[in-house]
Every structure is written in structure tokens, then in C-alpha cells.
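Architecture at a glance
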Amino acid sequence: AQKVTQAQTEISVVEKEDVTLDCVYETRDTTYYLFWYKQPPSGELVFLIRRNSFDEQNEISGRYSWNFQKSTSSFNFTITASQVVDSAVYFCALRGRSSGSARQLTFGSGTQLTVLP
Amino acid sequence: EAGVTQFPSHSVIEKGQTVTLRCDPISGHDNLYWYRRVMGKEIKFLLHFVKESKQDESGMPNNRFLAERTGGTYSTLKVQPAELEDSGVYFCASSQGPWDGAFFGQGTRLTVV
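Here the structure is a predicted model, which is why all the values come from computation and not from measurement.

1. With respect to the environment of Ser73(A)
Residues and elements named next belong to chain A. By the secondary structure assignment, Ser-73 is in the loop between β8 (64-69) and β9 (74-79). Taking the C-alpha atoms as reference points, Ser-73 and Gln-112, separated by 39 residues in sequence, lie 22 Å from one another. Leave out the neighbours within four places in its chain, and Ser-73 touches Cys-23, Val-24 and Tyr-25.

2. Here we look at the state of the cysteines
All names here are of chain A. According to the stated counting rule, one finds two disulfides over all chains in the structure shown. Shown here is the disulfide that connects Cys-23 with Cys-92, its sulfur atoms set 1.9 Å apart. What sets the handedness of the Cys-23 and Cys-92 disulfide is the S-S torsion sign, and at about -65 degrees it is left-handed. Of the two residues, Cys-23 sits in the loop between β3 (19-21) and β4 (24-26) while Cys-92 sits in strand β10 (residues 88-96), which places them 69 residues apart along the sequence. Accessibility expressed as a relative area gives 0% for Cys-23, which makes it buried. Look at Cys-92 and you get buried, because its relative accessible area is 0%.

What counts and what doesn't
Residues numbered from 1 in each chain as written. Chains lettered and ligands numbered in written order. Predicted model: local features only at pLDDT ≥ 70, side-chain atom pairs only at ≥ 80, totals over all residues. Heavy atoms only, no water. Helix = DSSP H or I, 4+ residues; strand = E, 2+ residues; numbered from the N terminus. Contact = heavy atoms within 4.5 Å. Disulfide = S-S within 2.5 Å. Buried < 20%, exposed > 50% of the residue type's maximum accessible area, 1.4 Å probe, protein only.

Structure (C-alpha cells):
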């Protein structure tokens, strides 16, 4: 069975602060993918990143960065110099890739990030 | 390029009625998924199409839910008859390959009263 845990239900920060969203996962698959999605108030889920389990390099995209640590089964997401437009619900998700593994995404419960001006 | 589009964006129906949700995936995406989020809970998988074939429907809650994807293009999800516990947001997603990042639509908020 697969499981994704986002322990932070809600986070509030003041604009320009850095914020890290935690994601811890469980899977028996040796090969898997990890994802982050953003859900702004408009409702759609916006794809942010996909990470292969074999690639533990951290990734940076503008103000966004992701820290993948297989040893602790974590895939944390940091927003640097947060902006009001970053306010959204952020979901971490997992998809296994073993033989017979379902191709469905397993989502965490989401973290509501509020960035105050 | 158009993203995944879902119709309607909101639907309010009475218990016992029928509702049909529609999803238009990104053109050329063979893989189409349905997910839903009921109030306060995680987003849960419902089913997966590859072209017009159901690859995995293990997440469908019961036989009141019927999904189709005729011709491998758009998909519909019918709930008949709707129950109160069916209320939630229904998301559709599509991807080119099965392991690619899936692109989601804005969701359909279904309220059964």
C-alpha cells in the first residue's frame, strides 16, 4: 500500500518569508514517482514537478525548490521569498512503478498555505 | 494549447437524480483519469482510461458510477442515482504517457442535496 503524509494542515507566513512544505511517503515499490501540485482558489490542480525515485538531485525552479531524501522518505517543497500569489493548497503525490503497481496517484491531504501581505 | 477542461464547473442536484460530468483531455493524451475529493478528505483515484479502454477502475465506489470514453477522446462520468455522500469535487486529468505528470482540470463541484 502507498501512503503520503502532509502533516502541516495550514501554514501562514508573511510575504517575503521562506516556507517549507513537508511531504513524507510510504511505498514498497523500488521505482516510483513523486509529484507536487498547487491548487489555487480557482480550483484547478496545477502540476509543479515530477521526481523519479532514482534521481535524488535537488531541483530549483525560480523561487521553488525541492529536496528529495530517499533515506527519510521525504520530498519537501520550499518557496523562497513567498508572495501573496503563492497562497494555495499544495498537494504532494506518489505513483509507484513496480510490475502490477497501479498507475494512479496517491495524494496527501494537502497543506493550505496563506501568504499575508 | 488548451488544457484539460471539465463541464460543468458546478452542479447542484437532488438526491436520486442523475448527473453527468464531462472531461475533455489535452489533445493527444491517451491517458485519462478521474479523481474526486469529498469534503475534508484526500483526493482519491476513481479510474484510468487508456484511449477508450478502462485500464483500472478499482477506485469506483459502487455501480452507481459509470464512466465512458467513447472514441478515446472526451470522457463522461455519470452518477445515477446520486446520493448525499457523492458530494465533492470531481477532477479529471490527462497525460501523454502513463508515467508522465498528469495535467488536471479545474474540477466539477458536485453538491447533492
